[in-house]
Amino acid sequence: MNANLKSIYCMKSLNIALAAVAALLASCGTPKGNNTQSPMNMSFLELAEARYSVRQYAKTPVEQEKIDCILEAAKLAPTAKNLQPQFIYVLKSAEAIAKVNEVSSCAYNAPVVFIVCYDKDTAWKNPLNGDRSSGEMDASIVGTHMMLEAASQGLGTCWVGWFDPAAVSKAFDIPDNLYPAFMLDCGYPADGSKPSPRHYASKEIGDFVKEL
């Protein structure tokens, strides 16, 4: 895909972001699980509400154009001091998918799995907090962009932390300076896929917000 076509294909990500502004000025969407709109027709909050962790995937391959847009979203994500310490492994070959299912029981045979790492040497260190690394935070911001872009493409994802980082690093020859923060399963939801009952358990905003 040439650069112009890629830009056109990914432009809907900008449209989704712009829709968020309208959503914040209007309403907060419909109740969880009741939204049957196409992702292209949703506001940002409706898209965020409709997304859920998918644990059953169809065997349908994920188009490279959609993978490219997910990675474009990762590139656009903000990071501390814009140091961009993220490094992403895209697992999609039969060998890689078999291997990731060996090192984690939560890969769920997804057709694509992203291993999102951060570079320990590149990530910003906060001198006011004992030189605490921004790596986990940066990787999480990147991952959230990827997860929501995948949802806008009609794909399901599952954010996975259930794995031994050392085992994953060994399996995929990840160098010592890169830390695998999490994995992101990705693919088309299988027929019968549905959210976990825990998906619908949300605190009220007043339970976690204090205005001063």
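The paragraphs below set out a description of the structure included in this document.

What counts and how
- Residues numbered from 1 in each chain as written.
- Predicted model: local features only at pLDDT ≥ 70, side-chain atom pairs only at ≥ 80, totals over all residues.
- Heavy atoms only, no water.
- Salt bridge = Lys/Arg side-chain N within 4 Å of Asp/Glu carboxyl O.
- Helix = DSSP H or I, 4+ residues; strand = E, 2+ residues; numbered from the N terminus.
- Expected span 1.5 Å × (residues − 1).
- Buried < 20%, exposed > 50% of the residue type's maximum accessible area, 1.4 Å probe, protein only.
- Core = buried A, V, L, I, M, F, W, Y, C linked by side-chain atoms within 4.5 Å.
- Contact = heavy atoms within 4.5 Å.
- Arc of directions from axis to C-beta.
- Axes fitted to C-alpha atoms, helices over the stretch in contact; angles between N-to-C directions.
- Left-handed = near helix turned anticlockwise from the far one by under 90°.
- Nonpolar A, V, L, I, M, F, W, Y, C, P; charged D, E, K, R; others polar.

Across all of its chains, the model carries 1 salt bridge by this definition. One salt bridge in this structure joins K75 and E72, with 3.3 Å as the shortest N-O distance. Residue K75 and its partner E72 are located together in helix α3 (residues 64-76), separated by 3 residues, close to a single helical turn.

A word on α3. Taking 1.5 Å of rise per residue, the 13 residues of α3 would be expected to cover 18 Å, and the 18 Å separating its terminal C-alpha atoms lies within 8% of that figure. Those residues of α3 that fall on the buried side of the exposure criterion are K66, I67, D68, C69, I70, A73 and A74.

One finds L91, I115, F172 and I174 to be the most contacted residues of the largest nonpolar core, which totals 23 residues. Counting residues per element, the ones that place at least two in this core are β1 (86-91), α4 (94-103), β2 (112-119), β5 (156-160), α6 (165-171) and β6 (178-187). Beyond its immediate chain neighbours, meaning those up to four positions away, I174 contacts Y89, I115, C117, V168 and S169. Among the nonpolar cores identified, the runner-up in size contains 20 residues, and I70, A77, M146 and L155 belong to it.

Turning our eyes to something else, we now look at the environment of A50. With respect to the helices, strands and loops of the structure, A50 is situated in helix α2 (residues 44-50). Placed 145 residues apart in sequence, A50 and P195 show a C-alpha to C-alpha distance of 9.8 Å.

Now for α4. The α-helix advances 3.6 residues per turn, and as a result positions three or four apart in sequence lie on the same side. By the burial criterion, the buried members of α4 are A96, I97 and V100. Here the buried residues of α4 occupy an arc of 95° about the axis, which is enough to place them on one side. Looking at α4, the residues exposed on the side facing more than 90 degrees away from the buried face are A94, E95 and E102. Summarising the contacts, the buried residues of α4 are in contact with β1, β2 and β6.

This paragraph deals with the packing of α3 against helix α5 (residues 135-152). It is at 8 Å that the axes of α3 and α5 come closest, and there the two elements cross at 145°. The way α3 lies across α5 gives a crossing that is right-handed. Contact with α3, carried on its side by C69, I70, L71, A73, A74 and L76, involves V142, H145, M146, E149 and A150 of α5 and no other residues of that element. Partitioned by chemical class, the residues of the contact of α3 with α5 number 9 nonpolar, 1 polar and 1 charged.

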